[in-house]
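# Observations on the model geometry
Listed here are the chains, written in short residue letters.
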Amino acid sequence: MTLLEELLDFNSKFVEEEKYLEYRTTSTPDKKLLIVSCMDTRLTELSLKALGLKNGDIKQVKNAGAVISHPYGSTMRSILVGVYQLNVDEVIIMGHYDCGFGALKPEPIVQAMQDRGINKSVFETLEHSGIEVYSWLKGFDSVEESVLEGVKNIKNHPLMDDSVPIHGLVMNPETGKVDLIVNGYEY
Ligand SMILES: [Zn+2]
């Protein structure tokens, strides 16, 4: 059985047995909160449980490193849609220690792409089109600085409502303990 078949098989039973009932909620977050966190597998459930949150409480946006890498990219757009359309009153940028994105080096990724058949000329074409592949694939040096930068990027965004507090946290992926980097009520 392939992974996809396994998932679809489980899904049929899940729906048939009405296991969805305990997860029923609305599409707006009960806590009026949006959290941007990393896609790290250790945080999938831990990041919610460690903060006392459950299905329906928050809007959750995930990407590699919990970064706001572009002011008009999909993460920033999700935050703006949350604030203006989905009752989000507060935002948290939550990075984590031991983040794979922090250690990210562009060279081995580009090499792996080439090993898997992406032609060298593609990288040249992209660079000529103004897409800086190497800096795009580079991780951050410090998670605390990256979280602070994310908070600043949202705060300074020309389309952002000034009154929305933007907090910054860093989570320990083993224990779920968070360190406060930015208190958005004061920032
Ligand atoms: Zn991470």
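The sections below set out a description of the structure shown in this document. (Residues numbered from 1 in each chain as written. Predicted model: local features only at pLDDT ≥ 70, side-chain atom pairs only at ≥ 80, totals over all residues. Heavy atoms only, no water.)

### Re the overall build of the protein
What counts is decided by this rule: By definition, any uninterrupted DSSP run of H or I lasting at least four residues is a helix, any uninterrupted run of E lasting at least two residues is a strand, and each is numbered from the N terminus. Categorising residues by exposure relies on relative accessible area from a 1.4 Å probe, with only protein chains included: less than 20% of the type maximum marks a residue as buried, more than 50% marks it as exposed, and the intermediate range marks it as partly exposed. For every accessible area listed, the method is Shrake-Rupley and the probe measures 1.4 Å; residues are considered covered only by the protein chains on display. The charged-residue count follows a simple rule in which Lys and Arg add positive charge and Asp and Glu add negative charge, with His and chain termini not counted at all. A single reference atom marks each charge: NZ on Lys, CZ on Arg, CG on Asp, CD on Glu.
Secondary structure summary: the protein contains seven helices and five strands in total. In the protein, the succession of helices and strands from N to C terminus is α-β-α-β-α-β-α-α-α-α-β-β. Burial statistics for the protein: of 187 residues in total, 35% are counted as buried. Per element, the accessible surface of the protein, about 11900 Å² overall, is 54% carbon and sulfur. Computing the positive centroid from 18 side-chain charges and the negative centroid from 28, the protein places the two 3 Å apart.

### Looking at the nonpolar core
Note the threshold: The definition of a nonpolar core used throughout is a set of buried Ala, Val, Leu, Ile, Met, Phe, Trp, Tyr and Cys residues joined through side-chain atoms within 4.5 Å. Residue contacts follow a heavy-atom distance rule, with two residues in contact if any of their heavy atoms lie within 4.5 Å.
Judged by nonpolar contacts, the single largest core of 36 residues is most densely connected at Ile-79, Val-91, Ile-154 and Met-160. For this core, the secondary structure elements donating two or more residues are strand 1 (33–38), helix 2 (43–49), strand 2 (58–63), helix 3 (74–85), strand 3 (90–96), helix 7 (143–155) and strand 4 (166–171). The element that contributes the greatest number of residues to this core is strand 1, accounting for five residues. Not counting residues within four places of it along the chain, the set of residues in contact with Ile-79 comprises Leu-34, Val-36, Ile-68, Val-91, Ile-154 and Met-160.

### What about helix 5 (residues 120–128)?
An α-helical turn contains 3.6 residues, so any two residues separated by three or four positions project in the same direction. Convention followed: We call two N or O atoms a polar contact when they sit within 3.5 Å, provided that within protein one can donate a hydrogen and the other can accept it, with sequence-adjacent residues counted only if both atoms are side-chain atoms.
Between the side-chain oxygen of the N-cap and the backbone nitrogen of Ser-121 there are 3.1 Å, and the N-cap of helix 5 in question is Asn-119. Just past helix 5, the residue Gly-130 takes up positive phi, approximately 90°.

### Regarding the coordination of the zinc ion
Where we set the bar: Excluding water, the donors of a metal are its N, O and S neighbours within 2.8 Å, or within 3.2 Å for Na, K and Ca, and that exclusion means sites may look incomplete.
The zinc ion binds to the protein through Cys-38 (SG), His-96 (NE2) and Cys-99 (SG), with metal-donor distances spanning 2.0 to 2.2 Å. Spacing between the donor residues of the zinc ion along the chain follows C-x57-H-x2-C. A residue pair is termed long-range when its members are at least 10 positions apart, and Cys-38 in strand 1 and His-96 in strand 3 qualify at 58 residues.

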